[in-house]
Amino acid sequence: MTQDTIFVKLFGEFSIWVSGQPLPMDNCTTKAMRVLQFLLFRYPAGVSRNTLMDAFFVDDSTSDPANNLNVTISQLRRRLKKAALPGDVGVQLKNGQYTLTCPVPILTDVARFEDCLTQAAQTADDEQRLELLLEAERLYSGDFLPHLAMDDWAVTTAAKYRMDYFNCLDSLTRLLPERGQWEQLLSIATRASSLHPLEEFFCLRIDCLMNLERYQEAKQVYDQAIRTLTEDFVVKPSAELTRRFQLLSLANQDSHETIFELNNQLREAEHQRGAYYCSYPSFIDVYRMCCRMIERTGQSACLLLYWLVDPKGHALTDTEKIAQAAPLLSGAIHNSLRRGDAFTQHGRDRFLVLLIGTDRENCEIVDQRIQARYRQQPVRGVALRHSLQTVETDMPFPNSGVWQPQSERV
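Each value, and the rule that gives it
Residues numbered from 1 in each chain as written. Predicted model: local features only at pLDDT ≥ 70, side-chain atom pairs only at ≥ 80, totals over all residues. Heavy atoms only, no water. Disulfide = S-S within 2.5 Å. Buried < 20%, exposed > 50% of the residue type's maximum accessible area, 1.4 Å probe, protein only. Pairing = 2+ DSSP bridges. Helix = DSSP H or I, 4+ residues; strand = E, 2+ residues; numbered from the N terminus. Axes fitted to C-alpha atoms, helices over the stretch in contact; angles between N-to-C directions. Parallel < 35°, antiparallel > 145°, perpendicular 65-115°, else oblique. Left-handed = near helix turned anticlockwise from the far one by under 90°. Contact = heavy atoms within 4.5 Å. Core = buried A, V, L, I, M, F, W, Y, C linked by side-chain atoms within 4.5 Å. Salt bridge = Lys/Arg side-chain N within 4 Å of Asp/Glu carboxyl O. Polar contact = N/O pair within 3.5 Å; in protein donor to acceptor, adjacent residues only side chain to side chain.

Chemist: Could you give an account of the state of the cysteines, with specific residues and numbers?
Modeler: What the rule picks out here adds up to 0 disulfides. Just so you know, Cys168 is unpaired, no disulfide at all, and the nearest cysteine sulfur is the one on Cys116, 8.8 Å from it. The exposure class assigned to Cys168 is buried, which follows from its relative accessible area of 2%. Among the cysteines around Cys203, which has no disulfide bond, Cys208 carries the closest sulfur, lying 11 Å off. When its relative accessible area of 5% is taken as the criterion, Cys203 is described as buried.

Written out as structure tokens, the structure is:
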């Protein structure tokens, strides 16, 4: 890349780079900036006047989309003149087609991504194909212009490139193991699961770690996958992920750790205050073990269910409010309980709490403490409800995704 080359990043974010330095950007969602991003994406071919009107002005309340487009283009030209770009970058209309004019090369990560995939599909040289696919994988740093979710053209384009990226990963998943390059594939799979937390990428990470004989790390990835699936997406793990767990269990049977080493692996990494948080599948095990313990010790235990509702007590459907309130409720529960208590998130808007060695009267006190702490940082339009159940040894644990509590109160 020459010193005067303009590089435009469209994957994961929108940024313009000149001489290796990013240009300061303000609001990227104004009409003028959205048109600029469309023109950069279609550079150097340009975009027809009718396409721009359909993309940005067809739903305007005014009856003159053509005039609105003219005004927007004028605003864009003024912004380009003020920008610290090399040469005189402008917008030209010729034969009904808008194009960017620029005396220096404009390169985009999207264009290079497409070139790499096209060349990889055409070459018969496996090594060259691998290098092109690896470059394409590095260029994809997230969804195409994710901040333009209001524009159909951007959403459709993002879906197309996401599938191209997945196909690229499929090819790398076949090529790299043939060469024994599990470490490199692990790095790729880890990045893929951070960009798109899909179960297949977690499975790929586990496969890489198992081939590298890093079983403890593989188990940690499995636990992370379970948390992501059950808490963020509220889905059950597939047979493929369960099979990985079974393989991990068999692999660990061949390990030769001492009892001292195993004890250190089982313990928490550091001493933490508050209740013990675990994934929903782990919470089931904790609950069932609690039922067995109280058979022997005669201790009492209580199960609490908290869920978020609207001010009228109805189910909360606003996903943004759920996303804001759920972490606050989780923090209130964690900080209000003892280290010997456990809790989990059961779906996006529900939390289960297990209080061990606590009777019903003390449960009411704990509940008041949780609600008081939660109200210190309330989310507008969100209320809290709860239900309490004394743990009984003959009470089956609810495995289904829907549990109707026996009693409710606001």
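Let's pick the thread back up.
Chemist: Describe the pairing of strand 5 (residues 90–94), and please don't skip the residues or the numbers.
Modeler: Here strand 5 pairs with strand 6 (residues 97–101) via 5 bridges, running antiparallel. Across the sheet, Val91 pairs through a bridge with Leu100, a residue of strand 6. Between strand 5 and strand 6, which follow one another and run antiparallel, lie 2 residues, and Asn95 among them has a positive phi close to 55°.

Chemist: Give me the lowdown on the sheet that holds strand 8 (residues 276–277), citing residues and values where you can.
Modeler: With mixed pairing, the 5 strands of this open sheet are ordered in space as 8-10-11-9-12. Only two strands of the sheet have a single partner each, and these edge strands are strand 8 and strand 12 (383–390). Pairing between strand 8 and strand 10 (residues 342–345): 2 bridges, direction parallel. Within the sheet, the bridge partner assigned to Tyr276 lies in strand 10 and is Ala342.

Chemist: Lay out the packing of helix 5 (residues 126–139) against helix 7 (residues 182–195) with the relevant residues and their values.
Modeler: Contact geometry for helix 5 and helix 7: axes closest at 11 Å, N-to-C directions at 30°. Regarding the angle of helix 5 to helix 7, the classification is roughly parallel. Classified by chirality, the crossing of helix 7 by helix 5 is left-handed. Counted together, Leu134, Glu137 and Arg138 of helix 5 and Gln184, Ile188 and Arg191 of helix 7 form the full contact between these two elements.

Chemist: Got a sec to walk through the nonpolar core? Specific residues and values, please.
Modeler: Core analysis: the largest hydrophobic core is formed by 81 residues, its most contacted members being Ile6, Phe14, Phe113 and Phe144. With residues near it in sequence (within four places) discarded, Phe14 still touches Val8, Lys9, Met25, Cys28, Met33, Leu36, Gln37, Leu40, Leu145 and His147. Core analysis: the next-biggest nonpolar cluster, separate from the first, contains 25 residues, Leu316, Val353, Ile370 and Leu388 among them.

Chemist: I'd like a description of the pattern of salt bridges, backed by residues and values.
Modeler: Counted according to the given criterion, the structure contains 15 salt bridges. Salt-bridge contacts for Asp223 lead to Lys219; the nearest nitrogen and oxygen are separated by 2.9 Å. Taken together, the residues span about one helical turn, with Asp223 and Lys219 both in helix 9 (residues 215–232) at a distance of 4 residues. For Asp223, a relative accessible area of 27% puts it in the partly exposed group. Of the residues examined, Lys219 reaches a relative accessible area of 26% and is grouped as partly exposed.

Chemist: Outline the pairing of strand 10, supporting the account with residue identities and numerical values.
Modeler: With burial as the criterion, each face of strand 10 is covered, one bearing Ala342 and Thr344 and the other bearing Phe343 and Gln345. Bridge count for strand 10 against strand 11 (residues 350–356) is 4 bridges, and the pairing is antiparallel. Counterpart to Gln345 in the pairing with strand 11 is Phe351. Between strand 10 and the antiparallel strand that follows it, strand 11, lie 4 residues; Gly347 among them carries a positive phi value of about 90°.

Chemist: A description of the sheet that holds strand 7 (residues 106–108) should follow, citing residues and the corresponding values.
Modeler: Strand order across the open sheet formed by 4 strands is 3-2-1-7, with mixed pairing between neighbours. Unpaired on one side and paired on the other, strand 3 (21–22) and strand 7 mark the two borders of the sheet. Here strand 1 (residues 6–9) runs beside strand 7; their pairing, made up of 3 bridges, is parallel. Within the sheet, the bridge partner assigned to Val8 lies in strand 7 and is Thr108. In this fold helix 4 (residues 109–122) packs onto strand 1 and strand 7, with an angle of close to 65° to the strand it touches most, strand 7.

Chemist: Any chance you could break down unusual backbone geometry for me, citing the residues and the numbers?
Modeler: At the junction of Tyr43 and Pro44, the peptide bond is cis and its omega measures out at 5° in the coordinates. In this structure, Pro44 sits in the loop between helix 1 (31–41) and strand 4 (47–48). One non-glycine residue, Asn95, lies in positive phi territory at about 55°. Along the polypeptide, Asn95 turns up in the loop between strand 5 and strand 6. Even without being glycine, Leu145 reaches a positive phi, approximately 40°.

Chemist: Report on the side chain of Thr108, specifying residues and quantitative values.
Modeler: Among the secondary structure elements, Thr108 is positioned in strand 7. From its side chain, Thr108 meets the backbone nitrogen of Ala111 in a polar contact 3.0 Å long. Contacts of Thr108, omitting those with residues within four sequence positions, involve Phe7, Val8, Leu10 and Leu40.

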